[in-house]
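# Coordinate inspection notes
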Amino acid sequence: MMACRLTCLAGQGLRRVCSGSVRQFASTSYLRTQQTESEEDRSVNQEQHDLSRRDFRYIFPEFLPDPKPEWRNKVRERLERKDMLQRREQIEIPEFYVGSSLAVTVSDENSPNPNKISRFVGICIDRGGTGLRAWFTLRNVVEGQGVEFMYQMYNPSIVKIEVLRLEQRLDEELYYLRDAPAEYSTVPFDMEAEILPEGSPVPVNDTVVPLNSRPWTRKWERYAMIYSGYSIENPFPTPGKVRRQMRWMAEGNQGWQLQTLKYDLMRDYRNTVPMEEQDQIWEEVGDQLESRDKQMRRVAAKRAFVRPSKRI
Amino acid sequence: MLGASTELLAVRSLGKLLHLEVLSSGLHTTSSLESRIKRVNRHKPFWHIRKLNKAIDEPITEENQIFIQDYIDRKYNGPLREEFTPWAKGEWKEGSRRPGVLAVKIGVHPIWLKNGKQVITTLLQVQDNHVIKYTPRTNFEDSYVGQKFNIASFTGNNNKKSESLTGFVTVGAISTDPQKYTKGYCGLFTDSGVMPKRHLARFPVTDNGVIQPGTPLTAAHFTPGQFVDVYGRTQERGFQGVMKRWGFAGMPATHGTTKSHRRAGHVGSGCDKSRIWPGQKMPGWVGGNYTWMRGLRIWRINYAENVLYVTGTAVQGDVGSVVQICDTKLNAKKWENLKKENLTSGPRFFPTAYEDQLKELPEEEYYSVVHDFKSPSISLSP
């Protein structure tokens, strides 16, 4: 069995799904449409088609099951994927990455609006979960107060998910924004959706966020090798701690286990779903996802079409 | 002295308990002492016969293997015992009991209700179930097993609580290769004509709940919205300390506590009973015992894959374990009390769903309160 070709980041015990560092890949318009071909071309194109469907693991990561073998069951996974596809027929769950700005509209019984709907806009700082338990967290600063909302992607109370700005960041998780100045987490509520031209790659926003002075929610100085999205002015808390801290970092002492993680191929293998199984999954759901994406594109194009003004 | 003699009697009876034998009904003092001993149910019932065949010493030639396979195919080929006349199918009334099913736990995932609330459900797949046998009550009580089960209750033998139960129905799940099992075990299935099953379960039934041996059971046996009881073996947790096993409070982590943060602390009594009482809670093996989870609701049934969606994550065992499911015995959740769910006239198919009824069923059915993913997003506007 082929193992996942991507390599885990060292010390990335935080994420179970094997993910590489930032990669360049196109937005959903990369989903190629099926065309009539001759048989020879078909086998070649089938391979290419399969390869392009392999990118679905970045666009629809929740369709891949949790790799833990004790919890895996083919029947349950199939039923779950069916439910997910049915839900996707009802609303558009767009492609987004950590760092994108989203607006989520939910039915909320505690909403002050008469139609019981609330809307929240924020920057996605993390996403995870598999199957129907897929979730993502949005962060924003509202009236000086940092607010985070965790949404379940397949919750039927969600009325709409809009991607206001589709982009990636330098890291897969942005929890350090909690210890950064508020301007880096603020997304205006009246922001309009920025539509990217078709076929363009997802832009990478390589802003490096300067962290506030201590106290912090986490010991960010220890993760400086793992996360590249933030910078620390004074890495050492007090002058007296400089030598101890430097010694700690020099010994690679981020826990002895983390040093060996990057060499542990079996751990990588255990934490990924084999490529053959992934291909089977995309074969099962790929057609429906592609047709749905085409449908959504048509709807979006209609909306974006600007009627020409009358010439006098 | 009177005091001494009663104490001696008590000690002797406790000695019997420690060897896990049947209580003698003569002593009345034992109930308070016995309650300290928390018995854990880990063993299979004693009447389970030897199941697995020993490994073959000599290798079998290919010709003989083919011959054996041929014989098995011919023996189990064709429909199930259609030469027997079909039994009468009972009608439901209050107090009826029918057999349950054996299901495999395949996973856990959430579903949502129409008011927006989330319910985590366990998926239980009814795999290849058939009714194996019906044992009338008199047959059971006269048998060796029945005699062993005849424990005298302190209310006296004349108080027969379950008069209406006429017998046991044995249900089996997951057909397997007969070569794996002993002749005795395979012989259990000759009545019904099905292939030997990997798992067996026994359900007490009333007269109208009896199902003919050989009948397949599916998820349609149940109705969405009803409540069920699930019997299974819990997850193994290994040798655990007193805090996890018995819920002891432990001791403070700081403030001078010396080497006693998770220990039991005091175990014995004072002067008179200066010994540790039997049943003293101590560390030991946790898990792997057979328990009942009662009153779990069925929110959704998938008839195509025979999957039941049942409340909660706490169904016993890991993914892949087999559990027994039957109608609940809790009073508040019995059929006659399910007014809100409109199930006061019993299950939809009683005693079970047969072939002609199965054909008419849709692929999937939800309890009325559950949100169907095919319907649009929930709107709470008045």
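Bear in mind the structure is a predicted one, so any value in this text is a computation, not a measurement.

So, how was this worked out
Starting afresh in each chain, residues are numbered from 1 along the sequence in its written order. As they are written, the chains are lettered A onward and the ligands numbered 1 onward, keeping that order. For this predicted model, a pLDDT threshold of at least 70 governs which residues receive local features, and a threshold of 80 or more governs which side-chain atom pairs are given and counted, while totals over whole chains, interfaces and linings are taken from all residues. Side-chain figures throughout are based on the complete set of non-hydrogen atoms in the structure, without hydrogens or water. Secondary structure follows DSSP: runs of H or I at least 4 residues long count as helices, runs of E at least 2 residues long count as strands, and numbering of each begins at the N terminus. Any residue under 20% of the maximum accessible area for its type is buried, any over 50% is exposed, and the rest in between are partly exposed; the area is computed with a 1.4 Å probe on protein chains only. Residue contacts are counted whenever heavy atoms from the two residues lie within 4.5 Å of one another. Method for areas: the Shrake-Rupley scheme with a 1.4 Å probe, in which residue coverage is limited to the protein chains shown. Here a strand pair is declared whenever DSSP counts at least two bridges between the two strands. Salt bridge criterion: a side-chain nitrogen from Lys or Arg within 4 Å of a carboxyl oxygen from Asp or Glu. Note: buried area is the sum, over both parts, of the accessible area (probe 1.4 Å) each one loses when the two are combined. In this count, Pro and Cys sit with the nonpolar residues alongside Ala, Val, Leu, Ile, Met, Phe, Trp and Tyr, while Asp, Glu, Lys and Arg are called charged and the others, Gly among them, polar. Axis definition: a line fitted to C-alpha atoms, over the contacting stretch in the case of helices. Angles run 0 to 180 degrees between N-to-C directions. Residues form patches when they are more than 30% accessible in relative terms and have no salt bridge. Like charges link within 9 Å. Nonpolar side chains (Val, Leu, Ile, Met, Phe, Trp, Tyr) link within 5 Å.

Attention now moves to the overall build of chain B. Along its length, chain B carries eight helices and 13 strands. Scored against the burial criterion, the 382 residues of chain B give a buried share of 38%. The contacts of chain B with a sequence gap of at least 6 include a subset with a gap of at least 24, amounting to 78%. For chain B, the accessible surface area stands at approximately 22800 Å², while carbon and sulfur atoms represent 54% of it.

Before going further, it helps to examine the overall build of chain A. The helix and strand tally for chain A stands at seven helices and seven strands. Overall, chain A shows an N-to-C arrangement of helices and strands of α-α-α-β-β-β-β-β-β-β-α-α-α-α. Of all 312 residues assigned to chain A, the portion counted as buried reaches 44%. Looking at chain A alone, contacts between residues at least 24 apart form 71% of all its contacts between residues at least 6 apart. Surface exposure of chain A reaches about 18000 Å², of which carbon and sulfur atoms provide 51%.

This brings us to the pairing of strand β1 (residues 101–112) of chain B. All names here are of chain B. The buried fraction of β1 is high, at twelve of twelve residues. With eight bridges connecting them, β1 and strand β2 (residues 118–125) associate as antiparallel partners. From the neighbouring strand, H109 faces β2, where its bridge partner is T121. Counted between consecutive antiparallel strands, the loop separating β1 from β2 contains five residues, among which G116 sits at a positive phi close to 95°.

Our focus in this paragraph is the pattern of salt bridges. Taken as a whole and judged by the stated rule, the model has 27 salt bridges over all chains. Residues R72(A) and E277(A) are paired through a salt bridge, measuring 2.8 Å at the closest nitrogen-oxygen approach. Placement of R72(A) in the loop between α2 (56–59) and α3 (74–90) and of E277(A) in helix α7 (residues 275–304) is noted, with a sequence separation of 205 residues between them. On the accessibility criterion, E277(A) (19% relative accessible area) is buried. Between D327(B) and R98(B) there is a salt bridge, with the nearest N and O atoms lying 2.8 Å from each other. One end of the pair, D327(B), is in strand β12 (residues 322–327); the other, R98(B), is in the loop between α3 (62–75) and β1, with 229 residues separating them in the sequence. Note on D327(B): relative accessible area 18%, which makes it buried. Residues joined by salt bridges that share partners form a network here, namely R72(A), R76(A), E77(A), E80(A) and E277(A).

Our focus in this paragraph is the interface of chain B and chain A. At the interface, 29 residues of chain B touch 30 residues of chain A. Summing both sides of the interface, chain B and chain A together bury roughly 2400 Å²; the carbon and sulfur share of this comes to 54%. For the chain B face of the interface with chain A, the top three residues by lost area are W112(B), F373(B) and L380(B), together amounting to 25%. Applying the counting rule to chain B against chain A returns four salt bridges. Across the pair E305(B) and R78(A) runs a salt bridge whose closest N-O atoms are separated by 2.7 Å. Those elements that place two or more of their residues in the side of chain B that touches chain A are β1, β2, β10 (290–302) and β11 (307–311) of chain B. Ranked by the residues each element gives to the side of chain B that touches chain A, the list is headed by β1(B), at six residues. In the side of chain B that touches chain A, the residues fall into 13 nonpolar, eleven polar and five charged.

It is worth spelling out the sheet that holds strand β1 (residues 101–107) of chain A at this point. Residue and element names in this part refer to chain A. As summarised here, the arrangement of the five strands in space is β4-β3-β2-β1-β5, forming an open sheet in which the pairing is antiparallel. Of all strands in the sheet, those with a lone pairing partner are β4 (145–152) and β5 (158–165), marking the two edges. Geometrically, the sheet is characterised by an average inter-axis angle of 35° between neighbouring strands, direction not taken into account. Relative to β4, strand β3 (residues 135–142) runs antiparallel, the two sharing eight bridges. Bridging across to β4, V141 finds its partner in G146.

Take a nonpolar patch on the surface next. Together, F46(B), Y144(B) and F149(B) give the surface a local cluster of nonpolar side chains, amounting to about 360 Å² of exposed area. As for its position among the elements, F149(B) is in helix α5 (residues 144–149).

So, about the sheet that holds strand β5 (residues 197–206) of chain B. Residues and elements named next belong to chain B. Read from one edge of the open sheet, four strands run β5-β4-β3-β6, paired in antiparallel fashion. In this open sheet, the two edge strands, each paired with only one partner strand, are β5 and β6 (216–217). Bridge count between strand β4 (residues 165–175) and β5: nine bridges; the pairing is antiparallel. Its bridge partner lying in β5, G167 is registered against V205.

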